[in-house]
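Chain by chain, the residues:
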Amino acid sequence: MSPADLRNGGAPSWKVTVLAKLIRPIALCVLLTLPALVVRISGLPLPALLGLVTFGAAVVASSFLLAWAAEAARMDISGPLAIAILAVIAVLPEYAVDLYFAYTAGSDPSYVAYAAANMTGSNRLLLGLGWSVVVIIALAVASRRSGRPVRELVLESGRRVELGFLAIASVVAFIVPLTGQIHLVLGFGLLGLFMFYLWKVSRAEAEEPELVGPAARIGGLPARVRRSLVAGLFVFAAAVILTSAEPFAHSLIETGTQLGIDQFLLVQWLAPLASEAPEFIVAILFAVHGKGADAISTLISSKVNQWTLLVGSLPIAYLLGGGSAALVLDGRQIEEFLLTAAQTLLGIAALLALRFPRWLAFTLLGLFALQFVFPGQQARYMLCGLYGALAITALVRNRRHILPTLAAPFRAGPRMDAEIELVAR
């Protein structure tokens, strides 16, 4: 045993070095969250800009903790379940903000528009901006590492389960613009679908992951220590996100209002952009580390729980806040919901073959940008038609994958999946 080992209480010096490298990034992230926690607990008022920085730093730091914990968790649980848990925790800011709007709408009807705007805005941001940017980054990283152009991201066949759940939820979601309301019965149905989704992905087999950075050092810890640390990071990050989400969103809205930006647009776009930050950061970290499939799978899983858990929770929060059994939408909110559903349908249709080409990423990004160039009612309906036409084209092109995708959530295992693929061909 070396003198260095004796000074460290008998522990090998290389273990101390590894432990120090693990503690430093975690400690830095925890320190960045402390000002937000102190301000939130003490109730100390902050100017809008200072609040934006304080709570924003806490959300970003928590996102890194989530990313490391989620990667290390794959040592003990299946990859799909780890990604699903990560997706749920990462969208907690969005849930906190949107459910606050829905609950308040129960006693103040003016907040109904904010609840619907926040939900549709976050969904379109997730697919139009999140999916596109993450895939573009992942393909750039893959091209640099391989030394040759990589033009598409190929997903594993097991990811068809998430896509199948998203397809089912998206078809059900069209009930909302058709009826003009989100009814409590629909809400419970979507919550049931989400619980079935979690149960399904929990049955996938755990695989030995390739970890890098702090996640690798967490994964190298003894099993008991690793599991306790991962659970602690999940709980701490979730608590910080829940604590910081509402003041972060309000600081953002107040800052934007001081700049003269329309309130509805702030709720629909700037607040969701803030609350979606954790999942965007987590997915981008995956993409930068060369885990493009995990990156897009995280966002697909986030989309699944937004279309099920989030939408399903809105009428419940509305009822608990003093509203009726149905969250009734006005004409503008119905248009926004229809546009969101049409965009989602295109994303699913294009991914049926489990391939995400670069051209699709730029197409989704371009269509997302069009709604800001042409913001009027007529333009929204025309954009719905464009999304629908492209979705139908993609469905026809990928028609042999429709049955396997819709059946994937209900299949018993890989053998049945292979049989369904064979029948579809």
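Below or above, wherever it landed, is the structure these notes cover. (Residues numbered from 1 in each chain as written. Predicted model: local features only at pLDDT ≥ 70, side-chain atom pairs only at ≥ 80, totals over all residues. Heavy atoms only, no water.)

The secondary structure content of the protein chain amounts to 19 helices and 4 strands. Contacts in the protein chain between residues at least 24 apart in sequence constitute 82% of all its contacts with a sequence separation of at least 6. Surface exposure of the protein chain reaches about 18,300 Å², of which carbon and sulfur atoms provide 68%. (Helix = DSSP H or I, 4+ residues; strand = E, 2+ residues; numbered from the N terminus. Contact = heavy atoms within 4.5 Å. Areas by Shrake-Rupley, 256 points an atom, 1.4 Å probe, with all protein chains shown as cover.)

Secondary-structure assignment places Arg160 in helix H7 (residues 160-173). Within the structure, Arg160 has its side chain in polar contact with the backbone oxygen of Leu352 (distance 2.8 Å). (Polar contact = N/O pair within 3.5 Å; in protein donor to acceptor, adjacent residues only side chain to side chain.)

Within the element layout of this structure, Leu166 appears in helix H7. In sequence terms Leu166 and Leu406 are 240 residues apart; their C-alpha atoms lie 9.3 Å from each other. Among all residues touching Leu166, those that are not within four sequence positions of it are Trp131, Ile300, Lys303, Val304, Trp307, Thr344 and Ile348.

Moving on to the layout of surface pockets. Estimated volume of the second largest pocket: approximately 300 Å³. Counting residues per element, the ones that place at least two in the lining of the second largest pocket are helix H15 (331-350), strand E4 (355-357), helix H16 (358-373) and helix H17 (377-397). In terms of residue count, the dominant contributor to the lining of the second largest pocket is H17 (4 residues). A breakdown of the residues in the lining of the second largest pocket according to their chemical character gives 8 nonpolar, 3 polar and 2 charged. (1 Å grid on protein atoms, 1.4 Å probe; cavity = no way out; pocket = protein on both sides within 12 Å on 5 of 7 lines; lining within 4 Å. Points joined across faces, edges and corners; volume = space filled by probe spheres on them. Nonpolar A, V, L, I, M, F, W, Y, C, P; charged D, E, K, R; others polar.)

So, about the packing of H7 against helix H14 (residues 292-320). Running from N to C, H7 and H14 point in directions that differ by 30 degrees, and their axes come no closer than 9 Å. Relative to H14, the element H7 is oriented roughly parallel. Both H7 and H14 take part in a crossing whose hand is left-handed. For the pair H7 and H14, contact is made by Glu162, Phe165, Leu166, Ala169, Ser170 and Ala173 and by Ile300, Lys303, Val304, Trp307 and Thr308, respectively. The residue inventory of the contact of H7 with H14, partitioned by class, reads 7 nonpolar, 2 polar and 2 charged. (Axes fitted to C-alpha atoms, helices over the stretch in contact; angles between N-to-C directions. Parallel < 35°, antiparallel > 145°, perpendicular 65-115°, else oblique. Left-handed = near helix turned anticlockwise from the far one by under 90°.)

Take the pattern of salt bridges next. Within the structure shown, the criterion is met by 7 salt bridges. Glu152 serves as the salt-bridge partner of Arg355, at 2.5 Å between the closest nitrogen and oxygen. Taken together, the residues Arg355 in strand E4 and Glu152 in strand E1 (residues 152-154) connect sequence positions 203 residues apart. We classify Arg355 as partly exposed; its relative accessible area is 39%. Salt bridges here are not isolated pairs; linked through shared partners, they connect Arg124, Arg332, Glu335, Glu336 and Arg380. (Salt bridge = Lys/Arg side-chain N within 4 Å of Asp/Glu carboxyl O. Buried < 20%, exposed > 50% of the residue type's maximum accessible area, 1.4 Å probe, protein only.)

One non-glycine residue with positive phi stands out, namely Leu354, at about 60 degrees. Looking at the element boundaries, Leu354 is found in the loop between H15 and E4. Among the residues examined, Leu354 registers a relative accessible area of 6% and is labelled buried.

Another aspect to go through is the packing of H15 against H17. Running from amino to carboxyl end, H15 crosses H17 at an angle of 20 degrees, the nearest separation of the two axes being 8 Å. Relative to H17, the element H15 is oriented roughly parallel. Judged by the sense of rotation from one axis to the other, the crossing of H15 with H17 is left-handed. Contact residues: Arg332, Glu335, Glu336, Leu338, Leu339, Ala342, Gln343, Leu345, Leu346, Ala349 and Ala350 in H15; Gln377, Arg380, Tyr381, Leu383, Cys384, Tyr387, Leu390, Ala391, Ala394 and Leu395 in H17.

As enumerated under the stated definition, the model contains 15 aromatic pairs in all. Look at Phe194 and Tyr197: their rings are 6.3 Å apart centre to centre, the planes differ by 45 degrees, and that puts the pair in the tilted class. Of this pair, Phe194 and Tyr197 both sit in helix H9 (residues 184-202), 3 residues apart, which is roughly one turn of that helix. The residue whose ring lies beneath Lys303 is Trp307, and the NZ or CZ to ring-centre distance is 5.1 Å. (Phe/Tyr/Trp six-rings, centres within 6.5 Å; stacked < 30°, edge-to-face > 60°. Lys NZ or Arg CZ within 6 Å of the ring centre and 35° of its normal.)

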